[in-house]
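This is what each chain is made of:
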Amino acid sequence: MASVVIYTREFCGYCARAKSLLESKGVDYVEHNATYSPEMRQEMIAKANGHSTFPQIFINGEHVGGCDDIHALDRAGKLDPMLAA
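Residues numbered from 1 in each chain as written. Predicted model: local features only at pLDDT ≥ 70, side-chain atom pairs only at ≥ 80, totals over all residues. Heavy atoms only, no water.

(A) Focus on the side chain of Lys19. Along the chain, Lys19 falls in helix 1 (residues 13-24). A polar contact is formed between the side chain of Lys19 and the side chain of Glu31, at a distance of 3.1 Å. For Lys19, the contacting residues outside a window of four places in its chain are Ile6, Thr8, Tyr29 and Glu31. (Helix = DSSP H or I, 4+ residues; strand = E, 2+ residues; numbered from the N terminus. Polar contact = N/O pair within 3.5 Å; in protein donor to acceptor, adjacent residues only side chain to side chain. Contact = heavy atoms within 4.5 Å.)

(B) Summary view of helix 3 (residues 67-75). The complete set of buried residues in helix 3 reads Cys67, Ile70, His71 and Leu73. Each buried residue of helix 3 sits inside an arc of 155° when the element is viewed along its axis, so together they form one side. Set apart from the buried face of helix 3 by more than 90 degrees, the exposed residues are Asp68 and Arg75. Residues of helix 3 that are buried sit in contact with helix 1, strand 3 (56-59), strand 4 (62-65) and helix 4 (79-84). Phi turns positive, to about 75°, at Gly77, one or two residues after helix 3. (Buried < 20%, exposed > 50% of the residue type's maximum accessible area, 1.4 Å probe, protein only. Arc of directions from axis to C-beta.)

(C) Broad picture of the pairing of strand 3. In strand 3, alternate side chains face the same way, and those of Gln56 and Phe58 on one face and Ile57 and Ile59 on the other are all buried. In terms of strand pairing, strand 1 (residues 4-8) meets strand 3 through 4 bridges, oriented antiparallel. When the sheet's bridge partners are listed, Val5 is paired in strand 3 with Phe58. Hairpin connection of strand 3 to strand 4: 2 residues between the antiparallel strands, including Asn60 at a positive phi of 50°. (Pairing = 2+ DSSP bridges.)

(D) Region of interest: the packing of helix 1 against helix 3. Closest axis-to-axis distance for the helix 1/helix 3 pair is 9 Å, and the angle between their directions is 30°. Here helix 1 lies roughly parallel to helix 3, going by the angle between them. Considering the relative orientation of helix 1 and helix 3, their crossing is left-handed. Within the contact between the two elements, helix 1 uses Tyr14, Arg17, Ala18, Leu21 and Leu22 and helix 3 uses Cys67, Asp68, Ile70, His71 and Asp74. Of the residues assigned to the contact of helix 1 with helix 3, the class counts are 6 nonpolar, 1 polar and 3 charged. (Axes fitted to C-alpha atoms, helices over the stretch in contact; angles between N-to-C directions. Parallel < 35°, antiparallel > 145°, perpendicular 65-115°, else oblique. Left-handed = near helix turned anticlockwise from the far one by under 90°. Nonpolar A, V, L, I, M, F, W, Y, C, P; charged D, E, K, R; others polar.)

(E) Inspection of the packing of aromatic side chains at higher detail. Under the definition given, this model contains 1 aromatic pair. When the ring of Tyr7 is compared with that of Phe58, the centres are 5.9 Å apart and the planes differ by 75°; the resulting orientation is edge-to-face. With Tyr7 in strand 1 and Phe58 in strand 3, this pair connects stretches of sequence that are 51 residues apart. Grouping residues by exposure puts Tyr7 and Phe58 together as buried. (Phe/Tyr/Trp six-rings, centres within 6.5 Å; stacked < 30°, edge-to-face > 60°.)

Okay, structure coming up:
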């Protein structure tokens, strides 16, 4: 199964939706809560090529975007192959 990392913040509905999708697929993921960590937020922005909104999701080290992006991948049938890699 793929390595999945998600940067989140507390009280973020988009973060909750993205995590729910991953959980519905039985995916284990590493969550980095950047709510109180400016350093972690800067790390996320650097890894996500300047994207600063939450969540930011990485599959096997590849930046796939945020909540809307991961749901779009799922609708297009592209998420499951990425998670299986």
